[in-house]
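Breakdown of the fold
The chain contents come next:
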Amino acid sequence: MRDEQVRRYARHILLPDVGGLGQTALLTATAQVDVAHAAGLIAASYLTAGGTGTLVAEHAGEPELTTLRAFNPDTQIVREPMQGKHAVPVAIPDAPPWWIATSGDETALAFWRGGIAAVRWMAPIANR
């Protein structure tokens, strides 16, 4: 990692479950997420901010790509899988059974689903 990356990811590196090796693994990993829905775009935002090396953003238009690029200059964001890079898909979970659907809850549910998806994708890579 470069010095600026160490400063950017200092909070991640300090976490015992991530550390320097875990953050380096994230910087070399490739995630694939469908950003057509709010939960996917939120998951992609978390993955980008967390230092994922390459993000394949399916169904992303220019506004989504611009938004995602603003989160982290280290993450390469593309629309199509790249030659030679194995992209691990990000699974967006359904609403949990305990979530009581009420009017206006769509945004909160999208953040829950996106956050859970990002953590579930990042944890096995960072904890190797």
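This text goes with the structure placed above it.
Residues numbered from 1 in each chain as written. Predicted model: local features only at pLDDT ≥ 70, side-chain atom pairs only at ≥ 80, totals over all residues. Heavy atoms only, no water.

Examining the overall build of the chain
- Across its full length, the chain holds 6 helices and 4 strands.
- Reported as C-alpha extents along the three principal axes, the dimensions of the chain are approximately 45 × 35 × 25 Å.
- Per-residue burial over the chain gives 41% buried out of 128 residues.
- A total of about 7,400 Å² of accessible surface is found on the chain, and carbon and sulfur atoms cover 59% of it.
- One way to put it: in the chain the 10 positive side-chain charges average out to a point 8 Å from where the 12 negative ones average out. (Helix = DSSP H or I, 4+ residues; strand = E, 2+ residues; numbered from the N terminus. Buried < 20%, exposed > 50% of the residue type's maximum accessible area, 1.4 Å probe, protein only. Areas by Shrake-Rupley, 256 points an atom, 1.4 Å probe, with all protein chains shown as cover. Lys, Arg positive; Asp, Glu negative; His and termini not counted. Charge placed at Lys NZ, Arg CZ, Asp CG, Glu CD.)

Notes on unusual backbone geometry
- With a phi angle near 60 degrees, His59 is a residue other than glycine that sits in the positive phi range.
- Turning to its location among the elements, His59 is positioned in the loop between strand 2 (54–58) and helix 5 (62–71).

Things to note about the sheet that holds strand 1 (residues 30–34)
- One open sheet holds the 4 strands; their spatial order is 3-2-1-4, and the pairing between them is parallel. Of all strands in the sheet, those with a lone pairing partner are strand 3 (76–78) and strand 4 (88–89), marking the two edges.
- The pairing of strand 1 with strand 4 spans 2 bridges and is classified as parallel. Bridge pairing in strand 4 places Ala31 opposite Val88.
- Seen against the sheet, helix 4 (residues 38–49) touches strand 1, strand 2 and strand 3 and runs at an angle of roughly 160 degrees to strand 1. (Pairing = 2+ DSSP bridges. Contact = heavy atoms within 4.5 Å. Axes fitted to C-alpha atoms, helices over the stretch in contact; angles between N-to-C directions.)

Thoughts on the nonpolar core
- Of all hydrophobic cores here, the largest spans 23 residues; its most connected members are Val33, Leu47, Leu55, Ala57, Val90 and Trp121.
- Listing elements by their share of this core, those giving two or more residues are helix 3 (19–28), strand 1, helix 4, strand 2, helix 5 and helix 6 (106–126).
- With 6 residues, helix 6 is the single largest residue contributor to this core.
- Excluding its chain neighbours within four sequence positions, the residues that come into contact with Val90 are Ala31, Gln32, Val33, Ala43, Leu47, Ala117 and Trp121. (Core = buried A, V, L, I, M, F, W, Y, C linked by side-chain atoms within 4.5 Å.)

What about the pattern of salt bridges?
- One pass over the structure, following the stated rule, counts 1 salt bridge.
- Residues Glu62 and Arg79 are paired through a salt bridge, measuring 2.7 Å at the closest nitrogen-oxygen approach. Of this pair, Glu62 sits in helix 5 while Arg79 sits in the loop between strand 3 and strand 4, and the two are 17 residues apart along the sequence.
- Exposure remark for Glu62: the relative accessible area of 45% places this residue in the partly exposed category. (Salt bridge = Lys/Arg side-chain N within 4 Å of Asp/Glu carboxyl O.)

Describing the packing of aromatic side chains
- Within this structure, the stated rule accounts for 3 aromatic pairs.
- Ring centres of Trp99 and Trp112 lie 6.4 Å apart, and the angle between their planes is 50 degrees; on these two criteria the pair is classed as tilted. Of this pair, Trp99 sits in the loop between strand 4 and helix 6 while Trp112 sits in helix 6, and the two are 13 residues apart along the sequence.
- When its relative accessible area of 24% is taken as the criterion, Trp112 is described as partly exposed.
- Through a chain of ring-to-ring contacts, three or more aromatic side chains come together here, namely Trp98, Trp99 and Trp112. (Phe/Tyr/Trp six-rings, centres within 6.5 Å; stacked < 30°, edge-to-face > 60°.)

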